[in-house]
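Structural description and commentary
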Amino acid sequence: MKVFIKTLGCRVNQVESQAVLERFSAQGHAITQDLREADLCLLNTCSVTHNADRDAEREIRKISRENPQAHLIITGCYAMAKKNEILAAHPTAQVVLKTDLGPALFGGHMDWTVKSHAGRTRAFVKIQDGCDCFCSYCIVPYARPQKTSKPKEILLAEIKDLIARGYREIVLTGINIGNYQCPQTGQDLAAVMPDIFALGGGFRLRFSSIEINTITDGLLAACRAGGQKFCNYFHIPLQNGSDAVLQNMRRRYTAGRYLARLADIRAQIPRAAIFCDIIAGYPSETKENFEESLRFLDAAGFAGMHVFSYSRRAGTPAAAMEQVPDKEIRRRADILHAKDKALRAAFAQSLVGTEQQFLAEEATASAVSGVLSNFQRAVVKGAHPTGNFMRVKITSAQSGVCHGVLF
Ligand code: SF4
């Protein structure tokens, strides 16, 4: 068969599509980038915002229009959330839930291991799936209700194989990675990390994003024990800096607790770069709450933020609340984006004069660009091979990018 795979959404979706692609290739099927010549089209969808739903619908229409003969399979969070609506509008399509994809396509279980990531020095490894936290704005627990973790032995073999294939950075990803628990040994992430660090070969380990209340003392100790093999970088969703709003969001921490945990992280990993996610215009967020949130951001010392404008998700508790007007959501998002830009510029500047571990990713005749252990983008003068770690000295910073020389 000729198989076309289109992926929308998060890292987890991307890893899952890569795993499916590799299974089809291993069975001798051809992967095509041209949907018009495909026998089978697989669309892996997202539903995190209403824009994501719109994108999924657009792709379904596009595939149905440009290749009506193809066997169209729709999977992912939008498929899970809107199965009946999709089948009503597209009766010839097949909706397959992610957990059923292995049996439906390959007659057996998918362990979501991957062997490659096109064109990347960094490999994403899915370690966990599902969430039952039910934050009041989030569709994920409805789209990915089953909490599963990859068995430790499969995980270690996958990472070992990726290191042997030349990947220098391994990014652990999932829906709520801090909830990882090996189904065979019962070990949590903190207990598994020493085994990962013990794997040979020059690599470093990065967390994709991790919830604050899953960052235990044991996990911090495991990170610290990893030394240079652990990326001094944390991406920790905050969503809001006002306790009233956090409570309304059903987030399982207070602003004070979050701040105290940041201090613990900095005590264990002194040079850690900490980024957060924040939602602009969550229902019930008053102007005073927003001001409070801004003051929290000033106190937290983030290196940067990922700013999301609140998106109403049908079926979530927040969708039934009084909504903040779109114009006001945009105003707040603009303020947060400006603050993010200032934080990133200040963080890059703070690295001038320091020595850093740099992973070269792209090369030109006169320089290489890549990322530091703290996920800061950098450009290093000179012709250097990509895919290797280098010790560099940061000499300047411009527009949030560091510049340096070999040390
Ligand atoms: S923890 Fe994350 S994935 Fe889970 S419900 Fe909350 S926001 Fe959604």
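Residues numbered from 1 in each chain as written. Predicted model: local features only at pLDDT ≥ 70, side-chain atom pairs only at ≥ 80, totals over all residues. Heavy atoms only, no water.

A separate point is the layout of surface pockets. What the second largest pocket holds in volume is close to 520 Å³. For the lining of the second largest pocket, the secondary structure elements donating two or more residues are helix H3 (77-81), helix H5 (101-106), strand E7 (128-129) and strand E8 (148-149). Among the elements that line the lining of the second largest pocket, the one with the most residues is H5, at three residues. Its residues assigned to classes, the lining of the second largest pocket comprises twelve nonpolar, eight polar and six charged. (1 Å grid on protein atoms, 1.4 Å probe; cavity = no way out; pocket = protein on both sides within 12 Å on 5 of 7 lines; lining within 4 Å. Points joined across faces, edges and corners; volume = space filled by probe spheres on them. Helix = DSSP H or I, 4+ residues; strand = E, 2+ residues; numbered from the N terminus. Nonpolar A, V, L, I, M, F, W, Y, C, P; charged D, E, K, R; others polar.)

Tracing the backbone shows His 384 in the loop between strand E16 (377-381) and strand E17 (389-398). Overall, His 384 belongs to the buried group, its relative accessible area being 19%. A distance of 2.8 Å separates a polar atom in the side chain of His 384 from the backbone oxygen of Lys 381. Those residues within four positions of His 384 in sequence are excluded, and the remaining contacts are Ala 363, Val 368, Met 390 and Leu 406. (Buried < 20%, exposed > 50% of the residue type's maximum accessible area, 1.4 Å probe, protein only. Polar contact = N/O pair within 3.5 Å; in protein donor to acceptor, adjacent residues only side chain to side chain. Contact = heavy atoms within 4.5 Å.)

Below, the discussion takes up the nonpolar core. Judged by nonpolar contacts, the single largest core of 58 residues is most densely connected at Ile 170, Phe 207, Phe 234 and Phe 302. The element contributing the most residues to this core is helix H8 (residues 189-197), with six residues. Here Phe 234 is in contact with Phe 207, Ile 210, Ile 215, Leu 220, Cys 223, Ile 265, Ile 269, Ala 272, Ala 273, Ile 274 and Phe 275, once residues within four sequence places are set aside. (Core = buried A, V, L, I, M, F, W, Y, C linked by side-chain atoms within 4.5 Å.)

A separate point is the site of the ligand. Near the ligand lie 13 residues; those nearest to it are Cys 131, Cys 135, Tyr 137, Cys 138 and Pro 141. Counted by class, the shell around the ligand contains nine nonpolar, one polar and three charged residues. (Near = heavy atom within 4 Å.)

Moving on: the state of the cysteines. Under the definition given, this model contains zero disulfides. Of all cysteine sulfurs, the one in Cys 46 lies closest to Cys 10, which takes part in no disulfide; the gap is 6.3 Å. Since its relative accessible area comes to 36%, Cys 10 is described here as partly exposed. The cysteine Cys 77 is free of any disulfide, with Cys 46 supplying the nearest cysteine sulfur at 6.3 Å. (Disulfide = S-S within 2.5 Å.)

Bringing the pairing of strand E4 (residues 71-76) into the picture now. Counted residue by residue, E4 has five buried out of six residues, so it is predominantly covered. Bridge count between strand E3 (residues 40-45) and E4: six bridges; the pairing is parallel. Across the sheet, Cys 41 pairs through a bridge with Leu 72, a residue of E4. The parallel pair E3 and E4 is bridged by helix H2 (residues 50-66), and the resulting crossover is right-handed. In the sheet, E4 pairs with strand E5 (residues 94-95) via two bridges, with the strands oriented parallel. (Pairing = 2+ DSSP bridges. Right-handed = clockwise from strand over helix to strand, strands pointing away.)

Paired through backbone hydrogen bonds, the strands of a sheet run either parallel or antiparallel to each other. In space, the three strands of this open sheet follow the order E6-E9-E10, with parallel pairing throughout. Across the chains shown, the open sheet's two edge strands, defined by having one partner strand only, are strand E6 (122-126) and strand E10 (204-207). Pairs of neighbouring strands in the sheet enclose a mean axial angle of 30 degrees, with direction left out of account. Bridge count for strand E9 (residues 169-173) against E10 is four bridges, and the pairing is parallel. Bridge assignment links Glu 169 to a residue of E10, and that residue is Arg 204. Lying over the sheet, helix H7 (residues 152-164) contacts E6 and E9, oriented at roughly 170 degrees with respect to E6. (Axes fitted to C-alpha atoms, helices over the stretch in contact; angles between N-to-C directions.)

Under the criterion given, the structure shown has twelve aromatic pairs. Centroid distance Phe 207 to Phe 234: 6.3 Å. Interplanar angle 70 degrees. Geometry classified as edge-to-face. Of this pair, Phe 207 sits in strand E10 while Phe 234 sits in strand E11 (residues 233-235); the two residues are 27 residues apart in sequence, bridging distant segments of the chain. Residue classification places Phe 234 among the buried positions, given a relative accessible area of 1%. Here the aromatic rings of Tyr 258 and Phe 296 are separated by 6.0 Å at their centres, their planes lie at 70 degrees, and the arrangement is edge-to-face. Note that Tyr 258 is positioned in helix H11 (residues 255-268) and Phe 296 in helix H12 (residues 287-300), a separation of 38 residues in sequence. Judged by relative accessible area, which is 8%, Phe 296 ranks as buried. By the ring-pair criterion, three or more aromatic residues cluster together here, those being Tyr 253, Tyr 258, Phe 296 and Phe 302. Positioned above the aromatic ring of Tyr 233, the side-chain terminus of Arg 206 is 5.0 Å from the ring centre. (Phe/Tyr/Trp six-rings, centres within 6.5 Å; stacked < 30°, edge-to-face > 60°. Lys NZ or Arg CZ within 6 Å of the ring centre and 35° of its normal.)

Looking now at H2. End to end, H2 covers 24 Å across 17 residues, agreeing with the expected 24 Å (1.5 Å per residue, within 8%). Looking only at H2, the buried set comprises Ala 52, Asp 53, Ala 56, Glu 57, Glu 59, Ile 60 and Ile 63. Each buried residue of H2 sits inside an arc of 160 degrees when the element is viewed along its axis, so together they form one side. Residues of H2 that are buried in the fold lie against strand E1 (2-7), E3, E4, H3 and helix H4 (83-89). (Expected span 1.5 Å × (residues − 1). Arc of directions from axis to C-beta.)

By the element assignment, Glu 57 lies in helix H2. For Glu 57, the side chain forms a polar contact with the side chain of Tyr 78, separated by 3.0 Å.

Relative to the helices and strands, Ile 394 resides in strand E17. For the pair formed by Ile 394 and Met 110, sequence separation is 284 residues and the distance between their alpha carbons is 44 Å. With residues up to four places along the chain from it excluded, the contact list for Ile 394 reads Leu 351, Val 352, Gly 353, Thr 354, Gln 356, Leu 372, Cys 402, His 403 and Gly 404.

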